[in-house]
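Descriptive analysis of the structure
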Amino acid sequence: MKTYLVTGGAGFIGSNYIRYILKKHDDIKVVNLDNLTYAGNLENLSGIDESRYVFEKGDIADLPLVQDLFQTYDFDFVVNFAAESHVDRSIEDPEVFLRTNVMGTQALLDTAKNAWQSGKDQDGYPTYRDGVKFLQVSTDEVYGALGREGYFTEETPLAPNSPYSASKAAADMIARAYNKTFKLPLNITRCSNNYGPYQFPEKLIPLMVNNAKTDKELPVYGDGKQVRDWLYVDDHCAAIDLVLWKAKSGEVYNIGGHNEMENIQIVSLILERLDKPETLIKHVRDRQGHDRRYAIDPAKIKRDLGWEPTVMFKEGIGLTIDWYLANAAWMNSVLSGEYQNYYDNMYKDR
Ligand code: NAD
Ligand code: TYD
């Protein structure tokens with residue numbers, strides 16, 4: 001019986017992950033710590049098995065709260081999804097990215113270290129109770145941008161370009177340091193762009209689906225030839241859980257499925273599926289510091305743990321578009337919040 005602390009579980013990937021692990025394991029309990037920012041939505045978890053799940057509203061950077069939760073629940077696993085996650089927002093207002101992504105991660109790491117410590121070895125390093133693990137959900141964006149050729153491997157130097165990716169790189173490095181200096185049982189995963197149900201519609205795919213559906217312009221940044229390496233969210237969830245249970249502490253894993261696409265190709269595909277004209281596409285001013293290409297080399301996770309993606313893009317993008325169309329009530333409730341102001345500020349005069 002394992003007790004998971006999943007942070008950011010009301011967001012896109014976190015909510016999919018909670019659904020995934022509750023289905024996969026019978027004998028687990030899940031505590032979801034989320035402070036419900038604009039991106040957190042409890043509707044993302046509707047219908048889940050409440051008998052093995054608890055929601056705790058709170059901030060990962062609130063150290064006394066995090067300490068209390070460790071006392072109350074005696075966690076075995078921490079999976080840290082909680083983050084400010086949108087590059088465009090990090091360009092407008094970087095500060096909260098440092099607070100949540102860096103200081104929040106450090107508060108979790110430090111609390112886990114203290115709560116899990118069982119003693120000290122002869123060299124003075126802490127020792128830990130059996131079976132505990134911290135998993136830091138990082139991103140391929142910590143590597144910066146690629147040219148036309150090549151892939152990110154786990155050895156690629158970190159060279160983040162946006163305030164978002166810089167804050168994630170800092171979190172990734174502090175997690176590494178807790179493993180090296182304190183031997184905290186830990187892994188780091190760096191995944192490529194995810195797509196699937198419950199993604200907040202500030203991100204490319206749900207934003208374009210919603211705009212196409214409502215005959216609004218589709219704002220493509222710059223020439224639209226930037227490349228992202230798309231992975232269906234369930235495949236990311238499976239990879240994270242595999243790393244958590246099976247990987248050797250201290251290992252870093254890239255996660256991706258060799259599915260590179262230009263943004264403009266994705267936008268055209270969405271228009272085609274919704275039977276809408278290409279004239280809805282509007283090329284707008286490019287994002288500042290826009291990374292040109294991301295592409296993951298997933299050889300290590302395949303070799304060590306046997307993980308491979310199971311959902312091919314053609315199938316996954318169809319499922320995803322259909323999900324957004326079928327869940328108009330979810331989309332409308334998300335759009336009714338602060339979203340409209342955000343959209344107007346971000347896209348007017350662009
Ligand atoms: P998201 O923005 O949809 O969700 C983030 C969640 O974290 C929200 O529920 C939000 O309320 C919560 N949160 C934010 N600040 C918090 C705080 N201080 N305390 C507690 N909860 C807080 O993000 P996502 O797309 O689901 O991404 C989840 C994680 O995966 C992030 O760490 C992100 O960097 C990483 N990641 C995302 C992708 C992607 O394509 N979306 C790819 C690789 C890695
Ligand atoms: P996004 O979903 O924000 O993910 P990330 O920046 O983390 O990769 O954006 C994916 C790509 O789509 C990125 O190259 C920026 C581009 N994009 C647009 O062209 N128009 C948009 O309105 C948005 C939100 C993104």
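Please refer to the structure higher up on the page.
Quick caveat: nothing in here was measured; it's all calculated off a predicted structure.

1. Quick look at the environment of Gly40
Along the polypeptide, Gly40 turns up in the loop between β2 (28-34) and β3 (53-57). Residue classification places Gly40 among the buried residues on the basis of a relative accessible area of 17%. Taking the C-alpha atoms as reference, Gly40 lies 7.4 Å from Gly8; in sequence the two are 32 residues apart. Aside from chain neighbours lying at most four places away, what touches Gly40 is Ala10 and Asp34.

2. A word on the site of ligand 2
In the neighbourhood of ligand 2, 19 residues make up the surrounding shell, with Glu141, Arg228, Arg287, His290 and Tyr347 lying closest. For ligand 2, an oxygen atom lies 2.6 Å from a polar atom in the side chain of Glu141. Interatomic distance of 2.7 Å between a side-chain N/O atom of His290 and an oxygen atom of ligand 2. With the chains in place, 97% of the 510 Å² that ligand 2 exposes on its own is no longer accessible. Mapped onto the shell around ligand 2, the elements with two or more residues apiece are α6 (204-213) and β10 (218-221). A per-class count over the shell around ligand 2 returns nine nonpolar, five polar and five charged.

3. Here we look at the packing of aromatic side chains
For the structure on display, the rule yields 25 aromatic pairs. Aromatic pair Trp323 and Tyr324: ring centres 5.1 Å apart, planes at 90 degrees, arrangement edge-to-face. Joined through ring pairs, the aromatic side chains of Tyr38, Phe200, Tyr221, Tyr339, Tyr342, Tyr343 and Tyr347 make up one cluster. Sitting over the ring of Tyr342, Arg89 keeps its end group 4.1 Å from the ring centre. The lysine or arginine in question, Arg293, covers the ring of Tyr151, its NZ or CZ lying 5.7 Å from the ring centre.

4. Looking at the site of ligand 1
Neighbouring ligand 1 are 28 residues, the closest being Ile13, Asp34, Ser85, Tyr164 and Lys168. Between ligand 1 and Asn35 there is a distance of 3.2 Å, counted from a nitrogen atom to a side-chain nitrogen or oxygen. Contact distances for ligand 1 include 2.9 Å between a nitrogen atom and a side-chain N or O atom of Asp59. Protein coverage of the free-state accessible area of ligand 1, which is 840 Å², stands at 97%. Breaking the shell around ligand 1 down by element, the ones donating at least two residues are α1 (12-24), β7 (133-139) and α5 (163-182). When residues in the shell around ligand 1 are grouped by element, the largest group, three residues, is from β7. Residues of the shell around ligand 1, tallied by class, amount to 12 nonpolar, 13 polar and three charged.

5. Let's talk about the side chain of Lys2
Relative to the assigned elements, Lys2 resides in strand β1 (residues 2-7). For the buried Lys2, no salt bridge is present, and the opposite-charge side chain at shortest range is Asp76, 4.9 Å distant. At a separation of 2.9 Å, a polar atom in the side chain of Lys2 contacts the main-chain carbonyl oxygen of Gly131. When neighbours within four sequence positions are excluded, Lys2 is seen to be in contact with Asp27, Ile28, Lys29, Asp76, Phe77, Gly131 and Trp245.

6. A few points about the packing of α1 against helix α7 (residues 233-246)
In contact at an axis separation of 9 Å, α1 and α7 are set at 65 degrees when each is read in the N-to-C sense. Taken as a pair, α1 and α7 cross one another with a handedness that is right-handed. The residues of α7 that touch α1, namely those facing Phe12, Ile13, Asn16, Tyr17, Tyr20, Ile21 and Lys24, are Val233, Asp234, His236, Cys237, Ala238, Ile240, Asp241 and Leu244. In terms of residue class, the contact of α1 with α7 is made up of 10 nonpolar, two polar and three charged.

7. Some points on the side chain of Lys203
With respect to the element layout, Lys203 can be found in the loop between β9 (194-195) and α6. When its relative accessible area of 18% is taken as the criterion, Lys203 is described as buried. At 3.0 Å, the side chain of Lys203 and the side chain of Ser85 are in polar contact.

8. Topic: helix α11 (residues 328-335)
Residues of α11 that are buried: Trp330, Met331, Val334 and Leu335. Along the axis of α11, the buried residues cluster in a sector spanning 125 degrees; they form a single face.

9. Some thoughts on the sheet that holds strand β8 (residues 186-191)
Strand order in this open sheet of seven strands is β3-β2-β1-β4-β7-β8-β13, and the pairing throughout is parallel. Of all the strands in the sheet, just β3 and β13 (252-255) have a single pairing partner and so form its edges. Mean inter-strand twist for the sheet, computed between neighbouring axes without regard to direction, equals 20 degrees. As judged from the four bridges shared by β1 and strand β4 (residues 77-80), these two strands associate in the parallel manner.

Conventions adopted
- Per chain, residue numbering runs from 1 following the sequence as it is written.
- Labels are handed out in written order, letters beginning with A for the chains and numbers beginning with 1 for the ligands.
- Restriction of local features to residues with pLDDT of at least 70 applies here, the model being predicted, together with a cutoff of 80 or more for giving and counting side-chain atom pairs; totals for whole chains, interfaces and linings are based on all residues.
- Excluded from the side-chain calculation are hydrogens and water; included are all heavy atoms of the structure.
- Secondary structure elements follow DSSP: runs of H or I no shorter than four residues count as helices, runs of E no shorter than two count as strands, and numbering proceeds from the N terminus.
- Three labels apply to residues, based on accessible area from a 1.4 Å probe with only protein chains included: buried if under 20% of the type maximum, exposed if over 50%, partly exposed otherwise in between.
- The contact criterion used is simple: two residues touch if any of their non-hydrogen atoms lie within 4.5 Å.
- Near residues are defined by distance, with any heavy atom within 4 Å of the molecule or strand qualifying the residue.
- By the criterion applied in these results, polar contacts are pairs of N or O atoms within 3.5 Å in which, for protein atoms, one can donate a hydrogen and the other can accept it, and in which residues neighboring in sequence qualify only through two side-chain atoms.
- The accessible surface values rely on the Shrake-Rupley method and a 1.4 Å probe; as for residues, cover is taken only from the protein chains in view.
- Polar here means any residue outside two lists: the nonpolar Ala, Val, Leu, Ile, Met, Phe, Trp, Tyr, Cys and Pro, and the charged Asp, Glu, Lys and Arg; Gly therefore counts as polar.
- Working definition: a ring pair exists when centres of Phe, Tyr or Trp rings (six-membered ring for Trp) sit within 6.5 Å. Plane angles under 30 degrees give stacked, over 60 give edge-to-face, the rest tilted.
- Note on criteria: charge over ring means Lys NZ or Arg CZ within 6 Å of the ring centre, with the direction from the centre no more than 35 degrees off the ring normal.
- His is not counted, nor are the chain ends, whereas Lys and Arg count as positive and Asp and Glu as negative.
- Every case where a carboxyl oxygen of Asp or Glu lies within 4 Å of a side-chain nitrogen of Lys or Arg is listed as a salt bridge.
- Structural elements are reduced to axes, namely lines fitted to C-alpha atoms, with helices fitted over the stretch in contact, and the angle between N-to-C directions of any two is expressed from 0 to 180 degrees.
- Note on convention: near helix rotated counterclockwise from far helix by under a right angle means a left-handed crossing. Clockwise means right-handed.
- Picture the helix axis, draw a direction to every C-beta atom, and the arc is the one those directions span.
- Here, any two strands with at least 2 DSSP bridges between them count as paired.

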